Amino acid sequence: MRRFADTILPAATFVVMVAALYMVFVYVPSDREQGIIQRVFYFHVPLAIMGFVAFGTVAVASILFLWRGTRVWDRLAHSAAEVGMVFCSLVLITGPIWARPAWGTWWTWDARLTTTLILWLIYAAYLMLRSVSGPGDQGARYAAVLGIVGAVDIPIINRSVYWWRTIHPAVLVTRTGGTGLSDPRMQATFGICFLAFFLLFLLLLKVRNESFRLRDALDELHQQALTSS
Amino acid sequence: MANLSYLFAAYTAVWVLLFLYILGLSRRNRSLEKEIEELRELLRRKT
């Protein structure tokens, strides 16, 4: 398991990411209607999905932390929140870059855009709460509650294009039920990009979790140094 | 090839932000490891 996390995972992430870039820029054909700008979706959509997975991880780990009270779950929740924020920020950056040529505007208060921004703000608050709360379990417990409540927004974002009148495209499953990626090469490219971001998510989560573990070990040593002096 | 600059901007943003985040993470981990090693050495000398 350790060998997988330390050597195989970074190597696999690198190889699959290079393959994803090759497929996005060389292999896949351009969309007939949108042209070359549609290729933003191959990173934008997997980033969004992995952002939701990250915030979902925050919620599950927070529940387990509140239930069991062990630091392992709290560290996982905190790490997943930070990685999720990076992914969600990239979604909110790449989305408007696509929207400008496609819609003629950088931003519109569309249901999906607005609910995604709300998700970003909720977890920004979560990270702020973590950074201002001192040592001890109280801050972690408040943050865990926020992490669980915040995840309620994820299914709302997912269903927003079906519940409200929205101009955001439904890429994977269209409003009529079919897929938005009709060409098999587009589907293959999307699959590889999704795998690349899944591996990247695991890698970032592992590295961030390791730094929280080191921080805890350091706090313990400080405590030992204080009691021995 | 219209909108190529937007495509370039989107992918550059992704790579720059990810690179900065990974760089920050590895720096933070290195400094924590160094600090732990120093503290362990200090405790060893004390006992």
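Let me begin by describing the structure that accompanies this report. (Residues numbered from 1 in each chain as written. Chains lettered and ligands numbered in written order. Predicted model: local features only at pLDDT ≥ 70, side-chain atom pairs only at ≥ 80, totals over all residues.)

**Comments concerning the overall build of chain A**
Within chain A, the secondary structure is distributed over 7 helices and 0 strands. Tracing chain A from N to C terminus, the helices and strands come up as α-α-α-α-α-α-α. Over its C-alpha atoms, taken along the principal directions, chain A stretches across nearly 70 × 40 × 25 Å. Considering chain A as a whole, with its 229 residues, one finds that 36% of them fall into the buried category. For chain A, the proportion of contacts with a sequence separation of at least 24, taken over those separated by at least 6, is 75%. (Helix = DSSP H or I, 4+ residues; strand = E, 2+ residues; numbered from the N terminus. Buried ≥ 20, exposed ≤ 12 C-beta atoms within 10 Å, placed from the backbone. Contact = placed C-beta atoms within 7 Å.)

**Let's talk about the interface of chain B and chain A**
Facing the 25 residues of chain B at the interface are 28 residues of chain A. In terms of residue class, the side of chain B that touches chain A is built from 18 nonpolar, 2 polar and 5 charged. (Nonpolar A, V, L, I, M, F, W, Y, C, P; charged D, E, K, R; others polar.)

**Focus: the nonpolar core**
Residues Val58(A), Ala77(A), Phe87(A) and Cys193(A) are the most contacted members of the largest nonpolar core, which totals 59 residues. The set of elements that each furnish at least two residues to this core consists of α1 (2–27), α2 (41–68), α3 (71–103), α4 (111–132), α5 (137–150) and α7 (184–228) of chain A together with α1 (4–46) of chain B. At 15 residues, the largest contribution of residues to this core is made by α3(A). In this structure Cys193(A) touches Ala20(A), Val24(A), Tyr42(A), Phe43(A) and Pro46(A), once residues within four positions along its chain are discounted. (Core = buried A, V, L, I, M, F, W, Y, C linked by C-beta atoms within 7 Å.)

All we've got here are geometric facts, nothing functional implied.
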